[in-house]
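Inside the fold
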Amino acid sequence: MADIIVKIINKSDNELPAYATADAAGMDLRAHLETAVTLQPLERTLIPTGLFIELPAGYEAQIRPRSGLAIKQGITLLNTPGTIDADYRGEIKLIVINLSNEPQTIHPADRVAQMVIAPFVQVVMEPVAVLSETVRGTGGFGHTGKS
Ligand SMILES: O=c1ccn([C@H]2C[C@H](O)[C@@H](COP(=O)(O)OP(=O)(O)OP(=O)(O)O)O2)c(=O)[nH]1
Ligand SMILES: [Mg+2]
């Protein structure tokens, strides 16, 4: 498989994002902070990463929570999965929220999210009067039952 090149500028002292294991899907993103930030229950904040990327056309970066932080501290991302567009040239920032019942602290260089690079397609919308018939039809939202 050909290497997919993502250009990156790192304005933090943190190490560059990297895959932690051979077949990891995501690269962890670290908080670019001078001092620790404490979030009260249900408080949200924007955490900078110091990272700026240039994705190839046809690719997006998905910003996802880390499961360890979610289960241990109730920290997640409010807009998960966040979308980094290929034409975005700003800093990658993380919309972090504390869903636990206690204050939670994020320290400088903490790994608070992970980034998955994925291909996508753009489509052409074709307005029509009717859609094709299927067995499912308009059924949804659990209409096939639970067990
Ligand atoms: O978690 C995120 C989500 C988005 N972005 C940046 C990159 C993305 O390309 C841009 C816009 O994101 P999105 O389309 O999700 O937000 P919007 O509210 O639709 O803003 P816009 O009108 O700028 O598209 O913001 C981040 O840094 N972190
Ligand atoms: Mg948008």
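Please read all numbers here as calculations on a predicted model, not as lab measurements.

Some details on the sheet that holds strand 7 (residues 75-77)
Pairing within the open sheet is antiparallel, and its 3 strands lie in the order 4-9-7. Edge positions in the open sheet fall to strand 4 (44-48) and strand 7, since each of these has one partner strand only. Each strand axis lies, on average, 40° off the axis of its neighbour in the sheet, ignoring direction. In terms of strand pairing, strand 4 meets strand 9 (residues 93-98) through 5 bridges, oriented antiparallel.

Points about the nonpolar core
The biggest cluster of nonpolar side chains holds 23 residues, and the ones touching the most others in it are I63, I92, L94, V96, I106 and M115. If you list the elements that add at least two residues to this core, you get strand 2 (27-30), strand 5 (51-54), strand 6 (59-64), strand 7, strand 9 and strand 11 (111-119). Looking at this core element by element, the count peaks at 3 residues for strand 11. Beyond its immediate chain neighbours, meaning those up to four positions away, V96 contacts L39, E43, R44, T45, I47, I75, T76, L77 and I106.

Quick notes on the side chain of S12
Considering the arrangement of structural elements, one finds S12 in the loop between strand 1 (7-10) and strand 2. Polar side-chain contacts of S12 include one of 2.9 Å to the side chain of N10. One polar contact links the side chain of S12 to the main-chain amide nitrogen of N14, over a distance of 3.0 Å. With near-sequence residues (within four places) excluded, S12 lies in contact with H32, T49 and G50.

Basis of the calculations
Residue positions are given per chain, counted from 1 along the sequence in the order it is written. All chains are assigned letters beginning with A, and all ligands numbers beginning with 1, in the order in which they are written. Thresholds applied to this predicted model are a pLDDT of at least 70 for local features of residues and 80 or more for the giving and counting of side-chain atom pairs; totals over whole chains, interfaces and linings are not thresholded and use all residues. Note that the side-chain values use all heavy atoms of the structure and ignore hydrogens as well as water. Any two strands with at least two DSSP bridges between them are considered paired. What counts as a helix is a DSSP run of H or I of at least four residues, what counts as a strand is a run of E of at least two, and both are numbered from the N terminus. For helices, the axis comes from a line fit to the C-alpha atoms of the stretch in contact; other axes are also lines fit to C-alpha atoms, and the angle between any two N-to-C directions lies between 0 and 180 degrees. By nonpolar core we mean a set of buried residues, namely Ala, Val, Leu, Ile, Met, Phe, Trp, Tyr and Cys, connected to one another through side-chain atoms within 4.5 Å. Each residue gets one of three labels from its accessible area relative to the maximum for its type: buried under 20%, exposed over 50%, partly exposed in between, using a 1.4 Å probe on protein chains only. What makes two residues a contact is simply this: any of their non-hydrogen atoms within 4.5 Å. Polar contact criterion, stated in full: a pair of N or O atoms within 3.5 Å, where within protein one must be able to donate a hydrogen and the other to accept it, and residues adjacent in sequence count only if both atoms are side-chain atoms.

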